Amino acid sequence: MSTPLTAKEIQDALGELQGWARDGDALAKTYVFGSFREAFGFMTRVAFEAEALNHHPEWTNVYNRVVVRLSTHDAGGKVTAKDVALAKRMERIGGVK
Ligand SMILES: C[C@H](O)[C@H](O)[C@H]1CNC2=NC(N)=NC(=O)C2=N1
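Residues numbered from 1 in each chain as written. Predicted model: local features only at pLDDT ≥ 70, side-chain atom pairs only at ≥ 80, totals over all residues. Heavy atoms only, no water.

In the annotation of an unreviewed UniProt entry, the protein chain is listed under the name Putative pterin-4-alpha-carbinolamine dehydratase and assigned to Nibricoccus aquaticus.

Written out as structure tokens, the structure reads:
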């Protein structure tokens, strides 16, 4: 069972995650790319990371934009360390947008 992070732990994590914010009980970021191909390439690479982590994003793609929300279903939809880990992997892939 994943343990939900405290509000302070979430804020501390967000301090290291550029462009991310708390959205209810999730971490959220909107990535904007130069094209659909770039956006979908990002999603493809993240998909393999998510599988490796066994932790998956809730995301929407419209053309060059990918809206991401991360929370942990197994923790009642709260934010856990797994969400922070996946966000950091996404930052390494997507970089600063
Ligand atoms: C059965 C499978 O291991 C679980 O459903 C995993 C898969 N990916 C997941 N992703 C997310 N975001 N939260 C989870 O609790 C979760 N659990």
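### So, the packing of aromatic side chains
Convention followed: Pairing of aromatic side chains here covers Phe, Tyr and the six-membered ring of Trp, requires ring centres within 6.5 Å, and sorts the geometry by plane angle: under 30 degrees stacked, over 60 edge-to-face, intermediate tilted. Segments assigned H or I by DSSP are reported as helices when at least four residues long, segments assigned E as strands when at least two residues long, and all are numbered from the N terminus. Only protein chains enter the area calculation, which uses a 1.4 Å probe; residues under 20% of their type maximum are buried, those over 50% are exposed, and those in between are partly exposed.
On inspection of all chains with the given rule, the structure shows 5 aromatic pairs. Where tyrosine 31 meets phenylalanine 42, the ring centres are 4.6 Å apart and the plane angle is 40 degrees; that geometry is what we call tilted. With tyrosine 31 in strand 2 (residues 26-32) and phenylalanine 42 in helix 2 (residues 36-53), the pair connects residues that are 11 residues apart, well separated along the chain. Considered together, tyrosine 31 and phenylalanine 42 belong to a single accessibility category, that of buried residues. Among the aromatic residues, ring-to-ring pairing joins Trp20, Tyr31, Phe33 and Phe42 into one connected group.

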